Amino acid sequence: NLSPNQEYIAKIFVDNEFVKEIDIFTKRPHLDDVKFLVGYNQKNASPKLFSNMMQTNSDFMVWIGGHINITNPLSFDKLFESYVNVRKQNYLNDFMISMPQIATWSSFDCNFINQPNSWEKKQSDYSIFKMFWPNYVKKTYNYTFYDYGTYQRYTYNDLDIFLLDAQTFQSKDKLYDDNQIDRMFKEINNTGATFTIIASPNPFTFDTQGSFLHFEDEFNYFIKRLNDVNNDGIILLSGGNISGHPKLNQYNLEKNRLGVQSFIYEFNTPSLSNNIYSSISIKGRENNRIIYFESYNENGNLLFKKHFHEDQLRR
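Structure report, in brief. Quantities reported herein were computed from a predicted structural model and do not represent experimental measurements.

**A few points about the overall build of the protein**
So, point 1. A count of helices and strands for the protein gives seven helices and 14 strands.
So, point 2. On C-alpha atoms alone, the protein measures out to a radius of gyration of 20 Å, which is about the 20 Å that the 2.2 N^0.38 rule sets for 315 residues.
So, point 3. The principal-axis extent of the C-alpha atoms belonging to the protein is close to 55 × 50 × 40 Å.
So, point 4. Out of the 315 residues belonging to the protein, those deemed buried represent 49%.
So, point 5. Taking the intrachain contacts of the protein between residues at least 6 apart in sequence as the baseline, contacts between residues at least 24 apart amount to 64%.
So, point 6. As displayed, the protein has an accessible area near 15,700 Å², and 45% of this comes from carbon and sulfur atoms.
So, point 7. Of the charged side chains in the protein, 32 are positive and 36 negative, and the gap between their average positions amounts to 4 Å.

Have a look at this one:
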């Protein structure tokens, strides 16, 4: 008897003792169009680029790292100062307040590059990250930093976005760590989104520097979990594009029980430092939704466009 388009709070008790609260968002009576921007590594990006991004009437912006640019480890005060100096740029600040902003970090933002095992250092850097990235107000879950890092999930209309942390747990053999991957697939299996985007600052299926392909065992585990997931409409979104051109890759998965080859697409967007930004839009009525991938230069000229009907992403 819940009403549509409402938020409810469910309180859970075990043996009369309060355990936790869960947000419940009931289905909307209609599906709105969705549009959001994607970018990373904004160093040396043109002010004109951000001016054009402001004019896109987007619902929000997704940063997959590279808001600041760290080349050597900094003290807490110097790292804080770096964020402040970036936000003092008027053109960037105007853009930041023009729409909601959500983010994960990449190698450009991480101050513990040469201290991979220092949790104290990571905790310190993460505290600054949280100061400058409040991210989406209504998070689906609360996460523990030591288990999941900057990993977050965002639900908007019939879209789910999973932002992965490719820095906190990176080691010789692993990029994301099992806890983060397992958490994500657990949540993917419990979402009814039309489209699910898994985003990372590192490429997934492109054989370039920093690619997930180079962490072979963990990558194979990731692909196995993708094969087993019971949701359609999953697309990979990544940064780390060194070509300066937007790219789309089709990566083959296992054949399904009917012998039909299944696959997954990855959209690899160039950095903002190339004076290119990308947008992702979802349009259409329920059961007839289309997702669009587009990239534009600083003058607002279209450089790349590709779209998929939701039926094309069924596995």
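**As for the packing of aromatic side chains**
So, point 1. In this structure the tally under the stated criterion is 31 aromatic pairs.
So, point 2. Here a set of aromatic residues connected by ring pairs shows up, and it is made of Trp63, Trp105, Trp119, Tyr126, Phe129, Trp133, Phe145, Tyr146 and Phe169.
So, point 3. The ring of tryptophan 133 has arginine 87 sitting right over it, with the charged end atom 4.8 Å from the ring centre.
So, point 4. For the cation-ring pair, lysine 283 lies above tyrosine 292, with the distance from its terminal atom to the ring centre recorded as 5.4 Å.

**Let's talk about the pattern of salt bridges**
So, point 1. Within the structure shown, the criterion is met by 12 salt bridges.
So, point 2. Put simply, aspartate 160 and arginine 153 hold a salt bridge, and the shortest N to O gap is 3.0 Å.
So, point 3. Exposure remark for aspartate 160: the relative accessible area of 0% places this residue in the buried category.
So, point 4. A salt bridge links arginine 314 to aspartate 232; its shortest N-O distance comes to 3.8 Å. Taken together, the residues span a long stretch of sequence, with arginine 314 in the segment after strand 14 (302-309) and aspartate 232 in the loop between helix 7 (216-228) and strand 9 (234-238) at a distance of 82 residues.
So, point 5. The class of arginine 314 is partly exposed, set by a relative accessible area of 45%.
So, point 6. Taking relative accessible area as the criterion, aspartate 232 reaches 27% and is therefore assigned partly exposed.
So, point 7. Here the residues in one salt-bridge network are Asp232, Glu310, Asp311 and Arg314, joined through shared partners.

**What to know about the packing of helix 6 (residues 178-188) against helix 7**
So, point 1. Orientation of helix 6 relative to helix 7, taken along the N-to-C sense of each, is 10 degrees, at an axis distance of 11 Å. For the element pair helix 6 / helix 7, the angle class is roughly parallel. Taken together, the residues of helix 7 that come into contact with helix 6 (itself represented by Asp178, Ile181, Asp182, Met184, Phe185 and Lys186) are Glu218, Tyr221, Phe222, Arg225 and Leu226.
So, point 2. Here the contact of helix 6 with helix 7 is composed, by residue class, of six nonpolar, no polar and five charged.

Criteria and cut-off values
Residues numbered from 1 in each chain as written. Predicted model: local features only at pLDDT ≥ 70, side-chain atom pairs only at ≥ 80, totals over all residues. Heavy atoms only, no water. Helix = DSSP H or I, 4+ residues; strand = E, 2+ residues; numbered from the N terminus. Rg over C-alpha atoms; globule rule 2.2 N^0.38 Å. Buried < 20%, exposed > 50% of the residue type's maximum accessible area, 1.4 Å probe, protein only. Contact = heavy atoms within 4.5 Å. Areas by Shrake-Rupley, 256 points an atom, 1.4 Å probe, with all protein chains shown as cover. Lys, Arg positive; Asp, Glu negative; His and termini not counted. Charge placed at Lys NZ, Arg CZ, Asp CG, Glu CD. Phe/Tyr/Trp six-rings, centres within 6.5 Å; stacked < 30°, edge-to-face > 60°. Lys NZ or Arg CZ within 6 Å of the ring centre and 35° of its normal. Salt bridge = Lys/Arg side-chain N within 4 Å of Asp/Glu carboxyl O. Axes fitted to C-alpha atoms, helices over the stretch in contact; angles between N-to-C directions. Parallel < 35°, antiparallel > 145°, perpendicular 65-115°, else oblique. Nonpolar A, V, L, I, M, F, W, Y, C, P; charged D, E, K, R; others polar.

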